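# A closer look at the structure
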Amino acid sequence: MSTLTSMTSGILDATLQQNETKRFASYDWFTQLRQQGWKNFESLPLPKRDDEKWRFSDTRSLSLADFNIATAPSEADTDKLIAQSHFITRPAGLIIHIDGHCVLRPAIAPELAAQGVKFESLEDALRHHPALLKEFLLKHEANLGGAKFLALHQAWLRAGYVLHVPKGVEIKQPFVSVNWTLTEGAAIFPHALVVAGDHAKVSIQEFNLSALPQLRALAISAADLHAGTGAQISRFSVQAWGKNTQSFEIANTCGGRDALITSVNAALGSRRARLENTVRIEGPGADVRLYGISVATGEQEFDQRTLQIHSAGKAKSDLLFKNVLLNKARTIFSGLIKVAPDAQQTDAYQTNRNLLLSPEAEADSLPGLEIEANDVKCSHGATTGQVNPEELFYLLARGIPMAVAQELLAEGFLEEVLSKVDNEEAAAVVREMFRLKFHTA
Amino acid sequence: MPDSLVIKNLNASIGDRAILKDFSLTVPKGEVHAIMGPNGTGKSTLAKVLAGHPDYSVQSGEAFIDGEQIIGQEPDAIARAGLFLAFQYPSEIPGVTIANFIRAALVARQAKGAPFDAKAYYAELYAKMDTLKMDRKFTSRFVNEGFSGGEKKRCEILQLMMLKPKYAVLDETDSGLDIDALRIVSEGVNRLRGPDMGFLVITHYQRLLEYIVPDRVHIMYDGRIVHSGDKDLAIELEAKGYDWVKKDLASA
Ligand SMILES: Nc1ncnc2c1ncn2[C@@H]1O[C@H](COP(=O)(O)OP(=O)(O)OP(=O)(O)O)[C@@H](O)[C@H]1O
Ligand SMILES: [Mg+2]
């Protein structure tokens, strides 16, 4: 393949990467971070078919060729997309990126600022809070197969947001981040860094969209979530990129003692989308809930890889991923629960359920357990099947046509996860997106 | 008969087991007919065959609602043509709220693309729930999920009241109801009685027929009607039991 040697593809051009890195010359550590990212990227191979961490995914069509760092959007496009970004009324803060350029810098209420709350673009935070970034940014390797993609993310790191809620501060209203892709062939590398101090409480809603449904783009996102002692983080992330997007998200979800984290991922967009999420239970009493839902249509491939690492005992993690598949879509769920020898009295659960609405769709499930402690409650399970015929008949017997009945049952199937979203407005937006997707499948 | 539910010589089976055997019955619109009969005699099968359940196959026979053939039609088309089945065992539908479910059923009866009057819908839904003494919170509960037996039956009658079919088949709607619920549900049905609706009420208990007084009572045995009479037949049956029917049949 000529893809990796192509000189025209911006994101694979070392000179371009170095030139952009020079912009951060006044932040040595950040320059080094980007350079290290590039080195790692160059030394790592693209995943291959026989790679266990990529089992069942279509590695042949993986390509990073012909993607560019887009220039800043026009004022007209910016205004238009900002106007379309108000999914949540009265957020605690709203940040908007277009093609990786921050076009709306968040303004937070003075009383939040007075309490030490920080919600800024990554670039601003680099200037204002380097110590915070140094402590929490990209502290973990991608251990689920996406190392090369995370390396590229690191090499081009610039976009994204940093949210820090200090000790004891509880905020009801959600923080909202909206990422758009606008330019054909654009590559973006948005980062989400959330740090909740001890006993802090915070909610984040993220929307990832393309300005045009057909847009070809590459999105390699990463998220670092850190919940301190007794802290509570709720995150809802909506992947609704255009249907010619390749997207990758590599997330780390770290819970300290007695922390409570709920993370929900909804997948709608992209031609192929891969989510890697590692849950790290670092303190006893932590409770981390990881949920995923998707509606996969056409020839979409949704690839979900998760790891629940219990390093501390008396903690809980619960995972539920539900996929609805139509047409020739494919989903892959691969999850592993790892319990360290001294993480006694761990409760860890993992469930994957797939609803097939088409005989040509395919769902693969690879659940796993690696338990070294002896006093634990762990379970994993996976089911794949069609709609229950008696439920279907019940709906039909009320005069509801077959297509609508199937859709209602599928929506009902997803509701179990959507009901875990802490923000009703965001859940409603996604419910509507799913509905639209059913109608256009 | 144009204004009737007409079932003619219906033969239906599940797998290779014949259940309905030359079953015939006519329910004129505006009347309430009751079917009683021993367990396993085919009462629910009749209800499901009429509703177009795919598990049953019809070998021969016909069924019409107001002259329209329903045998061979898809279940949703049969329902929209005007047949309602209150299930003996209603399914639980996880994640689908009662409000959305009934709404979808009503939308399916509208002209394509016609606007749906949500305000009027909720007003009517709440009013009907009030008459059935159902808590309004039920609208946001998932259909039948975690409902008690009696709540499920009430929910069936709520749907009946909202969908206003031409003919309703009530399959043991009284089972699982306590005395108060039985009265409330019966009142709901009685309120719907009138020249525009016909009822086929399947029950084991004469008690229900004291509340919903039938125009005709039929006794079903081994896949067909073996005896018909007025409401007193139910009382006679209660006193004599089914052995009487069986003996009758043997001597016939
Ligand atoms: N899905 C099925 N598979 C196999 N047999 C069935 C099925 N449905 C019904 N049957 C059989 O058909 C016969 C008639 O059943 P049906 O449910 O119609 O009886 P019923 O008159 O409604 O009885 P009950 O008074 O107990 O409700 C029974 O012997 C039953 O076991
Ligand atoms: Mg029955």
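Residues numbered from 1 in each chain as written. Chains lettered and ligands numbered in written order. Predicted model: local features only at pLDDT ≥ 70, side-chain atom pairs only at ≥ 80, totals over all residues. Heavy atoms only, no water.

## Things to note about the overall build of chain A
Each helix and strand in chain A was counted, giving 10 helices and 20 strands. The C-alpha radius of gyration computed for chain A amounts to 21 Å, which stays within 12% of the reference 22 Å derived for 441 residues, consistent with globular compactness. Each of the three principal axes of chain A carries a C-alpha extent, and together these read 65 × 50 × 45 Å. For chain A, buried positions account for 61% of its 441 residues. Sequence-distant contacts in chain A: of pairs separated by 6 or more residues, those separated by 24 or more amount to 84%. If the 44 positive side-chain charges of chain A are averaged to one point and the 51 negative ones to another, these points end up 1 Å apart. (Helix = DSSP H or I, 4+ residues; strand = E, 2+ residues; numbered from the N terminus. Rg over C-alpha atoms; globule rule 2.2 N^0.38 Å. Buried < 20%, exposed > 50% of the residue type's maximum accessible area, 1.4 Å probe, protein only. Contact = heavy atoms within 4.5 Å. Lys, Arg positive; Asp, Glu negative; His and termini not counted. Charge placed at Lys NZ, Arg CZ, Asp CG, Glu CD.)

## What about the interface of chain A and chain B?
Chain A puts 17 residues into the contact, and the matching count from chain B is 31 residues. Summing both partners gives a buried area of about 1,900 Å² for chain A against chain B, and 68% of it is carried by carbon and sulfur. Area buried by chain A at its contact with chain B is led by F393, Y394 and R398 of chain A, which between them contribute 43% of it. For the pair chain A and chain B, the number of links is one salt bridge. Residue E156 of chain B pairs with R398 of chain A through a salt bridge whose shortest N-O separation is 2.7 Å. The interface formed by chain A and chain B contains 10 residue pairs in polar contact (both at pLDDT 80 or more). Those elements that place two or more of their residues in the side of chain A that touches chain B are α8 (389–396) and α9 (402–418) of chain A. In terms of residue class, the side of chain A that touches chain B is built from 11 nonpolar, two polar and four charged. (Buried area = accessible area lost by both parts, 1.4 Å probe. Salt bridge = Lys/Arg side-chain N within 4 Å of Asp/Glu carboxyl O. Polar contact = N/O pair within 3.5 Å; in protein donor to acceptor, adjacent residues only side chain to side chain. Nonpolar A, V, L, I, M, F, W, Y, C, P; charged D, E, K, R; others polar.)

## As for the coordination of the magnesium ion (ligand 2)
Looking at the magnesium ion (ligand 2), one finds its protein donor set to be S44 of chain B (OG) and Q88 of chain B (OE1), positioned 2.0 to 2.2 Å from the metal centre. With S44 of chain B in helix α1 (residues 43–51) and Q88 of chain B in the loop between β6 (83–86) and α3 (98–107), the pair connects residues that are 44 residues apart, well separated along the chain. (Donors = N, O, S within 2.8 Å, 3.2 Å for Na, K, Ca; no water.)

## What to know about the sheet that holds strand β18 (residues 346–356) of chain A
All names here are of chain A. Strand order across the open sheet formed by 10 strands is β2-β1-β5-β8-β10-β12-β14-β16-β18-β20, with mixed pairing between neighbours. Strands with a single pairing partner mark the edges of an open sheet, and in this sheet they are β2 (101–104) and β20 (376–385). On average, each strand axis in the sheet is tilted by 10 degrees relative to the strand beside it, whichever way the strands run. Packed onto the sheet, helix α3 (residues 75–83) meets β1 (93–98), β2 and β5 (175–181) and runs at close to 135 degrees relative to β1. (Pairing = 2+ DSSP bridges. Axes fitted to C-alpha atoms, helices over the stretch in contact; angles between N-to-C directions.)

## Examining helix α4 (residues 118–131) of chain B
All names here are of chain B. Counted at 1.5 Å a residue, the expected span for α4 with its 14 residues is 20 Å, and the 20 Å between its end C-alpha atoms agrees. As for α4, its buried residues are in contact with α3 and α5 (149–163). In the segment just after α4, K133 is the residue with positive phi, at about 55 degrees. (Expected span 1.5 Å × (residues − 1).)

## Here we look at the sheet that holds strand β2 (residues 17–28) of chain B
Residue and element names in this part refer to chain B. Overall, antiparallel pairing links the four strands, which are arranged β2-β1-β4-β5 in an open sheet. Each having just a single partner strand, β2 and β5 (68–69) make up the two edges of the open sheet. Bridge count for strand β1 (residues 4–14) against strand β4 (residues 56–65) is eight bridges, and the pairing is antiparallel. Within β4, the residue paired with I14 across the bridge is Y56.

## Observations regarding the site of ligand 1
Residues and elements named next belong to chain B. Lining the immediate environment of ligand 1, one finds 15 residues, of which R17, I19, K43, T45 and H204 sit closest. Take K43: an N or O atom from its side chain is 2.8 Å from an oxygen atom of ligand 1. Protein coverage of the free-state accessible area of ligand 1, which is 630 Å², stands at 65%. Every element with two or more residues in the shell around ligand 1 is listed here: β2 and α1. The dominant element in the shell around ligand 1, judged by the number of residues it contributes, is α1, at three residues. The residue makeup of the shell around ligand 1, split by class, is four nonpolar, eight polar and three charged. (Near = heavy atom within 4 Å. Areas by Shrake-Rupley, 256 points an atom, 1.4 Å probe, with all protein chains shown as cover.)

## Observations regarding the environment of N208 of chain A
All names here are of chain A. Looking at where N208 falls in the secondary structure, it is placed in strand β8 (residues 201–210). Sequence-wise, N208 and S237 are 29 residues apart; in three dimensions their C-alpha atoms are separated by 7.9 Å. In contact with N208, not counting residues within four places along its chain, are N179, S237, V238, Q239, A240 and W241. A polar contact is formed between the side chain of N208 and the side chain of N179, at a distance of 3.1 Å.

## Details of unusual backbone geometry
Unlike most non-glycine residues, N327 of chain A shows phi in positive territory, near 50 degrees. Mapped onto the elements, N327 of chain A comes out in the loop between β16 (316–325) and β17 (330–339). One non-glycine residue, E172 of chain B, adopts positive backbone phi at about 50 degrees. Relative to the helices and strands, E172 of chain B is located in the loop between β7 (167–171) and α6 (179–192). By relative accessible area, which is 9% here, E172 of chain B ends up buried.

## Structural notes on the pairing of β2 of chain A
Residues and elements named next belong to chain A. Here β1 pairs with β2 via three bridges, running antiparallel. For H97, the partnering residue across the bridge sits in β2 and is C102. Joining the antiparallel neighbours β1 and β2 is a turn of two residues, in which D99 adopts a positive phi near 50 degrees.

## Things to note about the pattern of salt bridges
Residue and element names in this part refer to chain A. Under the criterion given, the structure shown has 33 salt bridges over all chains. Ionic pairing is found between R127 and D124, a salt bridge with its closest N-O pair at 2.5 Å. Placement of both R127 and D124 in helix α5 (residues 122–128) is noted, with a separation of three residues, approximately one turn of the helix. By relative accessible area, R127 is classed as partly exposed at 45%. Assessed through its relative accessible area of 7%, D124 is described here as buried.

## Description of the packing of α3 of chain B against α4 of chain B
Residues and elements named next belong to chain B. In the contact formed by α3 and α4, the axes pass within 12 Å of each other and the chain directions differ by 115 degrees. Crossing hand, α3 versus α4: right-handed. When α3 is examined against α4, the residues I98, A99, I102, R103 and L106 are found in contact with a partner set consisting of A118, Y121, Y122 and L125. (Left-handed = near helix turned anticlockwise from the far one by under 90°.)

## Focus: the side chain of T181 of chain A
Among the structural elements, T181 of chain A can be located in strand β5. One polar contact links T181 of chain A to S210 of chain A, side chain to side chain, over a distance of 2.8 Å.

## Re the nonpolar core
Counting 121 residues, the largest nonpolar core has F207 and F434 of chain A together with F23 and F199 of chain B as its most contacted members. Not counting residues within four places of it along the chain, the set of residues in contact with F23 of chain B comprises I7, K8, N9, L10, I35, L46, M220, G223, R224 and I225 of chain B. Counting residues in each nonpolar core, the second largest holds 38 residues, with L12, L62, L137 and A151 of chain A among its members. (Core = buried A, V, L, I, M, F, W, Y, C linked by side-chain atoms within 4.5 Å.)

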